[in-house]
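Here are the chains, one letter per residue:
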Amino acid sequence: MIEAPTSGIEQQRLDALARYALAEVPHDPALDDLARLAAQLCNSPVAAISIIERDQVVLIGRYGTEIESAPRHSIPCETTISGEGIYQIPDARRDPEWSPGGIPFGDRRYRFYAGAPILTPHAVPIGCLAVLDTAARKLTLAQVESLESLSHAVTTRLELIYRVRETDYSARERLRVESALTVERNFVSAVLDTVGALVVVFDTAGRIVRFNRACEIISGYKSADLVGKYAWERLIPETDVPAYIESFDRIRSGQFPTTYENYWVAADGTRRRISWSATALVDSQRQVAFIIATGIDVTVQRIAETTIRESESRYRQIVEGSLGMVATHGLGGVILSINQYGAQGIGRRVEDVVGHPLTSFLYPNRHTTLEPYVQQLLRTGEAQGLFHLQHLNGEERVIAYRNRLVEPRDGAPYVLAFGVDITEQIRAEEQLRALIRQSNSVLESVGDGIFGIDLDGRCTVVNPAAAQMLGYRPEELLGRNMLDLVHHTRSDGSPYVASQSPIALALRNRTTVRVSNEVFWRKDGASFPVEYVARPQIETAEETLPVSAVELQQPLAEQPNGDATASIASVPQAQQARLTSPAPIVEGRAVGVVVAFTDISERNALDRMKDEFISTVSHELRTPLTSLRAALGLVAAGALNARPERIKQMMEIAIGNTDRLVRLVNDILDLERIGSGKAELHRTTCSVDELMRRTVALLSAAAQKANVRFVIEANNVQVYGDADRILQTLTNLVSNAIKFSPQSETLISEIRLTAHNVTPDEALIEIEDHGRGIPSDKLQQIFERFKQVDASDSRDMGGTGLGLAICRSIVQQHGGTIWATSELGQGSTFHFTLPTHPSGHLG
Ligand code: ADP
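Residues numbered from 1 in each chain as written. Predicted model: local features only at pLDDT ≥ 70, side-chain atom pairs only at ≥ 80, totals over all residues. Heavy atoms only, no water.

1. Re the layout of surface pockets
Definition in use: Only protein atoms enter the 1 Å grid used here, on which a cavity is any set of points holding a 1.4 Å probe that cannot leave and a pocket is any open set flanked by protein within 12 Å on both sides along at least five of seven lines; residues with an atom within 4 Å of a point are listed as lining. Grid points are joined across faces, edges and corners, and a volume is the space filled by probe spheres set on the points. The helix count covers DSSP runs of H or I at least four residues long, the strand count covers runs of E at least two residues long, and both are numbered beginning at the N terminus. Side-chain classes are defined by residue name, with Ala, Val, Leu, Ile, Met, Phe, Trp, Tyr, Cys and Pro counting as nonpolar, Asp, Glu, Lys and Arg as charged, and the others, Gly among them, as polar. Note that the domain bounds were set by an automatic or database domain assignment.
In this model, the second largest pocket occupies a volume close to 680 Å³. Lining the second largest pocket are 22 residues, and of these Met609, Phe613, Leu671, Glu784 and Arg785 sit closest to its centre. At the level of secondary structure, the elements contributing two or more residues to the lining of the second largest pocket comprise helix 20 (601-636), helix 21 (644-675) and helix 26 (803-813). With 6 residues, the single largest contributor to the lining of the second largest pocket is helix 20. Class assignment for the residues of the lining of the second largest pocket results in 9 nonpolar, 6 polar and 7 charged. If you count residues domain by domain, the lining of the second largest pocket takes at least three from each of domain 4 (446-539 + 586-674) and domain 5 (680-835).

Right, dumping it as structure tokens:
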């Protein structure tokens, strides 16, 4: 036995055999036909077509035998294939390899063998076509050629089998691939339709090939409506089409992968913003076959992004453009950010502030620690108040802040600070407050009435003096129409049309108007004569304070004696000229009028009194002077020379009248001195008892003459006052009491002088007589100058009519009051009060 060759040739042969895979191919009857043909042509009983496997010989075509296979080397095939042409063994019994029995094949032995190798198209021997015979013999030349031809035919047949098998295989493979493709396609479809992403497949022309479910939902179009159409026919907004086609061209030209965004117009007309990622499917020639675009709807996201971007830029603009300090700082106080304006506000650059602790910018001694501030932020999330910061130039800047704690989810908490520099505001407010305080105190302290009215005539401000003079409470006047309320008629009673009043005129002409012959009306319906100055209030654009407030200052400041009461109404001459200057006062908007008025009824009354006084005094002086002149005239003319007793009489009249004149002049001087406050009081604590006794002693002669008796009950009362003046008062009152007591020689009349304390601060002194009494309607009048109950009193009683007026002045100067009570024919009592000690203030 020869070992199976394992050479390269053998391997090549086995590979070639494997290619035919004959074991897998069903038996081919055509090979049997070729075997029979070989047997017939070679005139042999047996023919076999065999292939040589690794360890056996397998018959694939046979004639005259049933053998299927035989052990390798058991037949001469091996030699056949190693040779070139036909291999013949004419008589095996004589052949050393096969003798003596011959070639065993099946259950028989053969003497003759002829085999032709079967070669592949590449000339690799894989088997042989052999004929066998039991008789020894040789093939004829023709038979040799036939056998060779048949062996070629076997090769052809094997090739055919191979081809057929190959074709079958690829057909089967195609089928398999196709079905796999179908599965794959269905799978892809399912996947495409389940995924949330938008997937569109385009062909290279841009026509839609696939349009998944997500696309259908977003666009509102059915896949079937769009497949085969161009995206720009329906989905792309008209204006975007050129740009879309351009970008599609770019993708098609092979720029992958690529991302882009565009708008889709949905079936309902709404626009969706889609973000796409496109890639290409290439074919075996690496040509773009399809374009797959996957996208997500970013409409909401883009809107949100735009909104955020806008709000961020707005926020930035606000922060940078804000006229405030916007900053952030950590809980430890280190400044994390600040806007430029904020940094500039304290004279620094942003980089000089950021990274530094807040405390390093605080004004010294203003804040000791930030602790309470931070604590409050942590407790309530917010803090507001004032920071006093130090400007680089050392100046203190006050920042009103409202800060908020921000606690981000993914970062350290910090404080967002927003502050406004209110330094100037505070200064202005302080000035304003001072100004308001000043003007309020001016308004309150002046005796003149001051009110302001707006353009509609409504009261905007009123001082206590004005309210009091008009008989209202200030709040009753505010907001009321002052022209209607207090200034509705002229002094002659004729009604005033508001627009024609000098006050309206002041506003219209923007000039100051001074009026002195008008009347204002009180709440109780009474009117009083007034003098007033109406000055328009002008507000200039740059002015924050009303002009009036400023203007009110000036007269005050200009007053040489600082007398605030003079500020408005009793305008000095120089100022009056300034106020009444016809030119507009200030350029600006008139917002109202300020009216300052004085009640001139008292002044009028005084003027009247003065006139009366002068005429009375002239009259009073003329009477004694006339009689003095007459007496002296008679004496001087010598007419009475013969009658010395008449001369004496005349001289006595002259002396009497002179005394009266002296008294009169003294009283007038006294009254003037006391009334004008020129006579200063020398106050001490005085015993009323002692003063009463001195009075009585002074008047004892007159009392005796009048037959009057005194009763003194001073009750140890002490008063605090000027002893001489009190004595003068008592003397006046007691002398009147004596004068008006019944002058009777028989009847003694009593005059009581009493004193007692009505309060610890106040003593009441009374002088009671039993004289003729005073009519009740004269009880007040008699205290006026030259007022007497009876015109004859001065003549008969030698009075001047000034005594009680002097008493009243003295008592009032002491802070007391004086009055009289009386019952006609029964007597009169004069009462007056005085303080009992220095601090006792009497109303
Ligand atoms: P005269 O100098 O006239 O006394 P007075 O001012 O003292 O001036 O008094 C004014 C007037 O008051 C008197 O003229 C008198 O008419 C009246 N009168 C003053 N005291 C009394 C009295 N005790 N009884 C009655 N009448 C009096």
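2. Focus on the environment of aspartate 268
To be explicit about the condition: Note on classification: 1.4 Å probe, protein chains only; a residue is buried when its accessible area is under 20% of the maximum for its type, exposed when over 50%, partly exposed between these limits. Any pair of nitrogen or oxygen atoms within 3.5 Å is treated as a polar contact; in protein, a donor-acceptor pairing is required on top of that, and neighbouring residues in sequence qualify only through side-chain atoms on both sides.
One can find aspartate 268 in the loop between strand 11 (258-265) and strand 12 (271-282). The class for aspartate 268 is exposed, based on a relative accessible area of 60%. Taking the C-alpha atoms as reference, aspartate 268 lies 9.4 Å from tyrosine 221; in sequence the two are 47 residues apart. Side-chain polar atoms of aspartate 268 contact the side chain of threonine 270, separated by 2.7 Å.

3. A closer look at the sheet that holds strand 11
How we decide: Only when DSSP finds a minimum of two bridges between them are two strands counted as paired. A fitted line through C-alpha atoms serves as each axis, taken over the contacting stretch for helices, and the angle formed by two N-to-C directions is quoted from 0 to 180°. Here, two residues are considered to be in contact whenever any of their heavy atoms come within 4.5 Å of each other.
Sheet architecture is open: 5 strands sit in the order 10-9-13-12-11, paired in antiparallel fashion. At either margin of the open sheet sits one strand with a lone partner, and together these are strand 10 (208-211) and strand 11. Across the sheet, the axes of successive neighbouring strands diverge by a mean angle of 30°, strand direction being ignored. Pairing of strand 12 with strand 13 (residues 288-297) involves 9 bridges; the strand directions are antiparallel. The residue bridging isoleucine 274 from the neighbouring strand is aspartate 297, located in strand 13. Of the strands in this sheet, strand 9 (198-203), strand 11, strand 12 and strand 13 touch helix 8 (residues 241-252), which is tilted by about 125° from strand 13.

4. Some points on the UniProt feature "domain: PAC" (unreviewed entry) in the protein
This is how it is decided: UniProt positions are given in the numbering used here, feature names are shortened, and annotations may be inferred rather than shown by experiment.
Summarizing the sequence annotation, UniProt attributes the feature "domain: PAC" (unreviewed entry) to residues 258-310 in the numbering used throughout. The annotated region residues 258-310 carries 23% helix and 57% strand content, and the separation between its end C-alpha atoms amounts to 28 Å.

5. Regarding the confidence of the model for the protein
Predicted coordinates in regions of low pLDDT should not be interpreted in detail. Definition in use: Confidence of the prediction at every residue is given by pLDDT, a number between 0 and 100.
When the pLDDT values of the protein are averaged, the result is 84; 92% of them are 70 or greater. Every residue in residues 1-5 scores below 50 in pLDDT, and together they form 9 contacts with partners more than four places removed in sequence or on other chains. This stretch, residues 543-584, has a pLDDT under 50; its non-local contacts, to residues over four places away or in other chains, come to 65 contacts.

6. Points about the UniProt feature "domain: PAS" (unreviewed entry) in the protein
UniProt's feature table lists "domain: PAS" (unreviewed entry) at residues 184-255, 311-381 and 442-487, given in the numbering used throughout. Its end C-alpha atoms 28 Å apart, residues 184-255 is made of 53% helix and 14% strand. Annotated as 43% helix and 22% strand, the span residues 442-487 places its first and last C-alpha atoms 24 Å apart.

7. As for the nonpolar core
We count it as follows: We define a nonpolar core as any set of buried Ala, Val, Leu, Ile, Met, Phe, Trp, Tyr and Cys residues linked to one another through side-chain atoms lying within 4.5 Å.
Judged by nonpolar contacts, the single largest core of 39 residues is most densely connected at Met692, Phe710, Val719, Leu753, Ile765, Ile767 and Phe832. With 7 residues, the single largest contributor to this core is helix 24 (residues 723-739). Each residue touching isoleucine 767, except ones within four places of it in the same chain, is listed here: Leu730, Leu733, Val734, Ala737, Ile751, Arg752, Leu753, Ser828, Thr829, Phe830 and Phe832. Residues Tyr20, Ala38, Ala114 and Leu129 belong to the second largest nonpolar core, which totals 32 residues.

8. Quick word on the domain arrangement of the protein
Along its sequence, the protein is organised into domain 1 (22-166), domain 2 (195-299), domain 3 (324-427), domain 4 (446-539 + 586-674) and domain 5 (680-835). Relative placement of domain 1 and domain 4: their C-alpha centres are 170 Å apart.

9. Some details on the pairing of strand 11
When a strand is regular, its side chains alternate between the sheet's two faces. Residues Thr258, Tyr260, Asn262 and Trp264 of strand 11 are buried on one face, while the alternating residues Thr259, Glu261, Tyr263 and Val265, pointing to the opposite face, are not. Taken together, the 8 bridges between strand 11 and strand 12 define a ladder with antiparallel strand orientation. Of the residues in strand 12, the one forming a bridge with tryptophan 264 is arginine 272. Between the end of strand 11 and the start of strand 12, which pair antiparallel, lie 5 residues, with glycine 269 showing a positive phi angle near 95°.

10. Focus on the pattern of salt bridges
Selection criterion: What makes a salt bridge here is a side-chain nitrogen of Lys or Arg within 4 Å of a carboxyl oxygen of Asp or Glu, nothing more.
Applying the stated criterion across every chain, the model contains 43 salt bridges. Among the ionic pairs, lysine 523 bridges to glutamate 476, the shortest N-O distance being 2.7 Å. Of this pair, lysine 523 sits in the loop between strand 21 (513-521) and strand 22 (527-539) while glutamate 476 sits in helix 15 (residues 474-477); the two residues are 47 residues apart in sequence, bridging distant segments of the chain. The exposure class of glutamate 476 is partly exposed, given its relative accessible area of 22%. Salt-bridge contacts for arginine 752 lead to glutamate 713; the nearest nitrogen and oxygen are separated by 2.7 Å. Highlighted residues: arginine 752 in strand 27 (residues 749-759) and glutamate 713 in strand 25 (residues 708-713), separated in sequence by 39 residues. Among the residues examined, glutamate 713 registers a relative accessible area of 34% and is labelled partly exposed. Taken together, the shared-partner salt bridges connect Glu395, Arg397, Asp421, Glu424 and Arg427 into one network.

11. Some thoughts on the packing of aromatic side chains
Heads up, the rule is: Note on aromatic contacts: the rings of Phe and Tyr and the six-membered ring of Trp form a pair at centre separations within 6.5 Å, being stacked when their planes are under 30 degrees apart, edge-to-face when over 60 apart, and tilted otherwise. Here, a charge over a ring means that NZ of Lys or CZ of Arg falls within 6 Å of the ring centre while also lying within 35 degrees of the ring normal.
As enumerated under the stated definition, the model contains 19 aromatic pairs in all. Ring geometry for phenylalanine 211 and tryptophan 264: centres 5.8 Å apart, planes at 25°, overall stacked. With phenylalanine 211 in strand 10 and tryptophan 264 in strand 11, this residue pair connects regions lying 53 residues apart in the sequence. Of the residues examined, tryptophan 264 reaches a relative accessible area of 4% and is grouped as buried. Their ring planes at 65° and their centres at 6.1 Å tell us that phenylalanine 783 and phenylalanine 830 sit as a pair that is edge-to-face. Here phenylalanine 783, found in the loop between strand 28 (762-768) and helix 25 (793-797), pairs with phenylalanine 830, found in strand 30 (residues 827-835); they are 47 residues apart in sequence, far enough to count as distant. Under the relative-accessibility criterion, phenylalanine 783 is labelled buried at 4%. Residue classification places phenylalanine 830 among the buried residues on the basis of a relative accessible area of 7%. Aromatic ring contacts, followed pair by pair, group Phe202, Tyr230, Trp232, Tyr244 and Phe248 into a single cluster. Taking the ring centre of tyrosine 263 as reference, the NZ or CZ of arginine 271 above it sits at 4.6 Å.

12. Remarks on helix 13 (residues 423-445)
The criterion, for reference: Between the first and last residue of a helix there are one fewer steps than residues, each counted as 1.5 Å, and that sum is the expected span.
Spanning 23 residues, helix 13 covers 32 Å between terminal C-alpha atoms, matching the ideal 33 Å at 1.5 Å per step. Listing the buried residues of helix 13 in full gives Thr423, Leu435, Ser439, Val442 and Leu443.

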